[in-house]
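Inside the fold
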Amino acid sequence: MQAALDLKEEILALKKERNAIILAHNYQTGDIQDIADYVGDSLGLAYKAKQAEQDVIAFCGVHFMAETAKIVNPDKTVILPDLDAGCSLEESCPADELEAFLDQHADKNYYVIAYINCSGAVKALCDVICTSGNAVSIVNQAPSDRPILFVPDANLGAWVMEQTGRKMDLWNGSCYVHVEFTRDSINKIKAEYPDALVVAHPECTQAVRLLADEVCSTEKMIAWCQNAPSDNLIVVTESGMLHRLRKECPGKNLIAGPTDKCACADCRFMKLNTMEKLRDCLANLSPQVQMDEATRARAEAPLLRMLEQSK
Ligand code: 13P
Ligand code: SF4
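Since we're looking at a predicted model, the values are computed, not measured. (Residues numbered from 1 in each chain as written. Chains lettered and ligands numbered in written order. Predicted model: local features only at pLDDT ≥ 70, side-chain atom pairs only at ≥ 80, totals over all residues. Heavy atoms only, no water.)

With that settled, the discussion passes to the site of ligand 2. Close to ligand 2 lie 13 residues, the nearest being C87, N117, C175, E203 and C267. Of the residues assigned to the shell around ligand 2, the class counts are 10 nonpolar, two polar and one charged. (Near = heavy atom within 4 Å. Nonpolar A, V, L, I, M, F, W, Y, C, P; charged D, E, K, R; others polar.)

Here we have four strands laid out as an open sheet, ordered β6-β5-β7-β8, and parallel in their pairing. Every other strand in the sheet has two partners, leaving β6 (128–130) and β8 (168–170) as the edge strands with one partner each. Pairs of neighbouring strands in the sheet enclose a mean axial angle of 30°, with direction left out of account. In the sheet, strand β5 (residues 111–115) pairs with strand β7 (residues 148–151) via four bridges, with the strands oriented parallel. Within β7, the position partnered with V112 by the bridge is L149. Lying over the sheet, helix α9 (residues 154–164) contacts β5, β7 and β8, oriented at roughly 165° with respect to β8. (Pairing = 2+ DSSP bridges. Helix = DSSP H or I, 4+ residues; strand = E, 2+ residues; numbered from the N terminus. Axes fitted to C-alpha atoms, helices over the stretch in contact; angles between N-to-C directions. Contact = heavy atoms within 4.5 Å.)

Here we take up the pairing of strand β9 (residues 197–200). On β9, burial covers both faces: L197 and V199 on one face and V198 and A200 on the other are all buried. Alignment of β9 against strand β11 (residues 232–238), held across four bridges, turns out to be parallel. Along β11, the bridge assignment pairs V198 with I234. Here two bridges tie β9 to strand β10 (residues 214–215), and the two strands are oriented parallel to one another. The residue bridging A200 from the neighbouring strand is V215, located in β10. (Buried < 20%, exposed > 50% of the residue type's maximum accessible area, 1.4 Å probe, protein only.)

Further remarks concern the site of ligand 1. Taken together, H25, Y27, D41, S42, Y115, N117, S132, H178, H201, E203, S217 and T218 form the complete shell of residues around ligand 1. Take H25: an N or O atom from its side chain is 2.6 Å from an oxygen atom of ligand 1. Here an oxygen atom of ligand 1 and a side-chain polar atom of H201 are 2.9 Å apart. Starting from 300 Å² of accessible surface for ligand 1 in isolation, the protein chains cover 96%. Class assignment of the residues belonging to the shell around ligand 1 gives a composition of two nonpolar, eight polar and two charged. (Polar contact = N/O pair within 3.5 Å; in protein donor to acceptor, adjacent residues only side chain to side chain. Areas by Shrake-Rupley, 256 points an atom, 1.4 Å probe, with all protein chains shown as cover.)

As a further point, take the pattern of salt bridges. Applying the stated rule across the entire model yields 14 salt bridges. Residue D231 is joined to K252 by a salt bridge in which the shortest nitrogen-to-oxygen separation is 3.7 Å. Here K252 lies in the loop between α13 (241–248) and β12 (253–255) and D231 lies in the loop between α12 (218–227) and β11, a separation of 21 residues in the sequence. R296 is the salt-bridge partner of E300, the closest N and O atoms lying 3.2 Å from each other. Here R296 and E300 lie together in helix α15 (residues 293–309), a separation of four residues that amounts to about one turn. It is possible to trace a salt-bridge network through shared partners that takes in E10, R279 and D280. (Salt bridge = Lys/Arg side-chain N within 4 Å of Asp/Glu carboxyl O.)

Another point: the packing of aromatic side chains. In the structure shown here, the tally under the stated rule is three aromatic pairs. Where F101 meets Y110, the ring centres are 6.1 Å apart and the plane angle is 25°; that geometry is what we call stacked. Residue classification places F101 among the partly exposed positions, given a relative accessible area of 23%. For Y110, a relative accessible area of 8% puts it in the buried group. Taking 6.0 Å as the distance between ring centres and 85° as the angle between the ring planes, the aromatic pair formed by Y176 and F269 counts as edge-to-face. Of the two residues, Y176 is situated in the loop between β8 and α10 (183–192) and F269 in the loop between β13 (264–265) and α14 (275–284); the sequence distance between them amounts to 93 residues. When its relative accessible area of 7% is taken as the criterion, F269 is described as buried. Taken together, the aromatic side chains of F101, Y110 and W171 make up a single cluster linked through ring pairs. We note R268 situated over the ring of Y176; from NZ or CZ to the ring centre the distance is 4.4 Å. (Phe/Tyr/Trp six-rings, centres within 6.5 Å; stacked < 30°, edge-to-face > 60°. Lys NZ or Arg CZ within 6 Å of the ring centre and 35° of its normal.)

Moving on to unusual backbone geometry. For the bond running from V151 to P152, omega is -15°, close enough to zero to count as cis. Mapped onto the secondary structure, P152 falls in the loop between β7 and α9. Cis geometry marks the peptide bond from S286 to P287, where omega comes out at 0°. Positive phi, normally seen in glycine, also occurs at N109, with a value near 50°. Tracing the backbone through its elements, the reader meets N109 in the loop between α6 (95–104) and β5. Despite not being glycine, L285 has its phi angle at roughly 50°, a positive value. Within the secondary structure, L285 sits in the loop between α14 and α15.

Geometric descriptors of this kind do not, in isolation, establish any biological role.
Here is the structure:
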């Protein structure tokens, strides 16, 4: 207990000394969320990173999120507690493969929309970026006279097609955490709590999305759960989400399942960050997110277009 308090004090002192802001994604562990200046989804974090005036952005999330912070606010030092905090969606779309695909299909003149869960090099090849929180709106604003290629998440892309009625060609990527949830595992929990409502992230498969009462980004889950017309709620996403939901939705029974594997599961990348690593990266100003300037500048344009179109 005392050690945890000391670690917290150390982080707060280093944050002041370094003139840093701590940004954390909704999937970080509770202790990291509680010490952060801002906790949110990918979209909220991108806005906060762009507005940050401190010298250092300590980004507690995965690499593509910290890289986004560097792209939109390049003069800041961006540090990440663990540089190995990757993402299976990012891995599923290497920039050289996307470039080769676009070269092969140059005749199509694709309008390329990238889900933010991809590398800076992939962003640099795209027309606009989206997050799960604004994907429907971004697709609705795409030019109607060009075919859309949506990368890298096929499940999010399929959900956006359902919502917008717009046909898109989908890259075959997926989130290894969200595709693990099954209809059967959720139905098992529903059998125990017949009045429970289900909220799921759009990275889930169609089979799971079909039995959800709401499909939305992590940030939108907060308001939806606060206002849901049932006290029993099954939350189908990464387990870190339960921390904020339990704090901000008093009176709701947020059900992770008989085991945490049924409806919520850990993302091994998100959980690489720890309080100890956060302290160390503030102390050493390392590891830092670095990018070559040409790629950063090319990736900035589609990100700024997204921020503009999300207003
Ligand atoms: P959100 O943008 O909804 O926070 O989702 C990010 C993510 O990585 C989901 O797996
Ligand atoms: Fe990537 Fe999935 Fe982890 Fe989100 S939960 S960071 S999409 S691997």
